[in-house]
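Structural features, examined
Letter by letter, the chains look like this.
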Amino acid sequence: MIAAQARPRYVFAMKFLDQAKIYIRSGDGGAGCVSFRREKFIEFGGPNGGDGGRGGDVVVECVDGLNTLIDYRYQQHFKAKAGIHGMGKNRAGGRGADVVLKVPVGTQIFDEDNETLLADLTAVGQRVVIAKGGNGGFGNAHFKTSTNQAPRRANPGQPGEERTIWLRLKLIADAGLLGLPNAGKSTFLAAVSAAKPKIADYPFTTLHPQLGVVSIDGREFVLADIPGLIEGASEGAGLGTRFLGHIERCRVLLHLVDGTCEHAGKAYKTVRAELAAYEHDLVDKPEIVALNKVDALTPEDLKQQVARLKRAAKTTPLLLSGATGKGVPEVLRAVLAVVDGARTAERNDTTVEAAGWQP
Ligand SMILES: Nc1nc2c(ncn2[C@@H]2O[C@H](COP(=O)(O)OP(=O)(O)OP(=O)(O)O)[C@@H](O)[C@H]2O)c(=O)[nH]1
Ligand SMILES: [Mg+2]
């Protein structure tokens, strides 16, 4: 039986959803001012209280270069600035500064009930005002009439709006974990993200793909953990290869090979053979090869496994231990480099398309 696990709210197994509940408040309007002109030698001083400034709005803006809502994990309260109060000599108060929440393309904004859609941000540059700043109050100069030359009244500013909203984004994995059962894929995901996948020393612990948001060097990407592949998976052995669909759109595969297995080269080749048998072009995707669980290896075993894996993969594997964290940042940086490269290439492609470029 698989125990239900508490998961942080921004990582949902299967739903592949990144979401954040945030509290926003637009700025209060500044109050109008009551003031009279009082100067030497000027006989009739009139009212000269200026209007208060408008409070700042809370704006959500869709920007380039973000692909998760990870920032909203660290900050959930956003408040725009209040408008400045009006002043004497007919000086109006300044407008309060807006607060702008930057979100990736594909973010949806829901009301507090998490059901009512308020806005759908589908293009870079799109902006929506989600809470309007309060209007500033009129100063007493505004209330001067022919019958009331010296009004003593001014309006207070309107209060800002306070509300709770949800930001939601459908996640698409940038990187996919690959390996035999027990290779340590889930351990790795748990070590590098807030995801809490089930981890155990028997094969097929992971039955459903899981996603986590990984943050490294101030950047982020989405990593998918999928069930282990075994020999014959493409013919349905083990859990089969259905779930490979979840990593078809990944930009890079991180192939973890268990250093404590009998033969790291054979383990690698088994997985590659199943990938090759899978009809979609997964086998052509960029791959980072890494030998895992190096904490459990003697220097001699390590040397031997590295040599075997290097021969099989025709590349020098990265070395890591998901359990101790050794080598993990280096692996993440290698993944990020490929993800970044692919993102840039994609962006350039779209630009060329948009410009109507023809070969
Ligand atoms: N010594 C050591 N053990 C590890 C390391 N990473 C994972 N393990 C152990 O290896 C076993 C399998 O780990 P999992 O993370 O569940 O492996 P998995 O690849 O997700 O396995 P499946 O979901 O079954 O495909 C567990 O007992 C882990 O504690 C590591 O870096 N070093
Ligand atoms: Mg697992």
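Refer to the structure presented above.
As the structure is a computational prediction, the values presented were derived from the model and not from experiment.

1. Regarding the sheet that holds strand E12 (residues 252-258)
Pairing is mixed in the open sheet, where 6 strands are placed in the order E10-E11-E9-E12-E13-E14. Of all the strands in the sheet, just strand E10 (210-216) and strand E14 (318-319) have a single pairing partner and so form its edges. Taken together, the 4 bridges between strand E9 (residues 175-178) and E12 define a ladder with parallel strand orientation. Within E12, the residue paired with Leu178 across the bridge is His255. This element, helix H3 (residues 264-277), spans E9, E12 and strand E13 (287-292) of the sheet and lies at about 145 degrees to E12. Against the sheet, helix H4 (residues 299-313) engages E12, E13 and E14, with an angle of about 160 degrees to E13.

2. Observations concerning the sheet that holds strand E4 (residues 99-103)
Strand order in this open sheet of 3 strands is E4-E2-E7, and the pairing throughout is mixed. Every interior strand has two partners, whereas the edge strands, E4 and strand E7 (127-131), have only one. Strand-to-strand twist across the sheet, computed as the mean angle between neighbouring axes with direction ignored, equals 25 degrees. Where strand E2 (residues 58-62) meets E4, 5 bridges bridge the pair, whose relative direction is parallel. When the bridges of E4 are listed, Val60 appears paired with Leu101.

3. A few points about the coordination of the magnesium ion (ligand 2)
Ser186 (OG) and Thr206 (OG1) make up the full set of protein donors to the magnesium ion (ligand 2), lying at 2.0 to 2.1 Å. Residue Ser186 is located in helix H2 (residues 185-192), and its partner Thr206 is located in the loop between H2 and E10; the two are separated by 20 residues in the primary sequence. In this structure Ser186 comes out as buried when scored by relative accessible area, which is 8%.

4. Some thoughts on the site of ligand 1
For ligand 1, the set of nearby residues contains 23 residues, the closest of which are Lys185, Ser186, Thr187, Phe204 and Asp295. In the environment of ligand 1, an oxygen atom lies 2.9 Å from a nitrogen or oxygen atom belonging to the backbone of Gly184. Isolated, ligand 1 exposes 650 Å² of accessible area, and the fraction of that covered by the protein chains is 86%. Mapping ligand 1 onto the cavity grids shows that it belongs to the second largest pocket. Here the shell around ligand 1 takes 3 residues from H2, the largest share from any one element. Here the residues of the shell around ligand 1 sort into 9 nonpolar, 10 polar and 4 charged.

5. Some thoughts on the nonpolar core
Ranked by internal contacts, the top residues of the largest apolar core, which has 41 residues, are Ile24, Tyr72, Leu101, Leu178, Leu244 and Ile247. Counting only domains with at least three residues in this core, you end up with domain 1 (16-169) and domain 2 (175-355). Setting aside residues up to four positions removed in sequence, Tyr72 forms contacts with Ala20, Ile22, Phe78, Leu101, Lys102, Val103 and Leu167. Within the second largest apolar cluster, 23 residues are counted, among which are Ala175, Leu189, Val214 and Val335.

The rules behind these values
- Residues numbered from 1 in each chain as written.
- Chains lettered and ligands numbered in written order.
- Predicted model: local features only at pLDDT ≥ 70, side-chain atom pairs only at ≥ 80, totals over all residues.
- Heavy atoms only, no water.
- Pairing = 2+ DSSP bridges.
- Helix = DSSP H or I, 4+ residues; strand = E, 2+ residues; numbered from the N terminus.
- Contact = heavy atoms within 4.5 Å.
- Axes fitted to C-alpha atoms, helices over the stretch in contact; angles between N-to-C directions.
- Donors = N, O, S within 2.8 Å, 3.2 Å for Na, K, Ca; no water.
- Buried < 20%, exposed > 50% of the residue type's maximum accessible area, 1.4 Å probe, protein only.
- Near = heavy atom within 4 Å.
- Polar contact = N/O pair within 3.5 Å; in protein donor to acceptor, adjacent residues only side chain to side chain.
- Areas by Shrake-Rupley, 256 points an atom, 1.4 Å probe, with all protein chains shown as cover.
- 1 Å grid on protein atoms, 1.4 Å probe; cavity = no way out; pocket = protein on both sides within 12 Å on 5 of 7 lines; lining within 4 Å.
- Sits in = over half its atoms within 2 Å of the grid points.
- Nonpolar A, V, L, I, M, F, W, Y, C, P; charged D, E, K, R; others polar.
- Core = buried A, V, L, I, M, F, W, Y, C linked by side-chain atoms within 4.5 Å.
- Domains from an automatic or database assignment.

In short, shape yes, function no, at least from these values alone.
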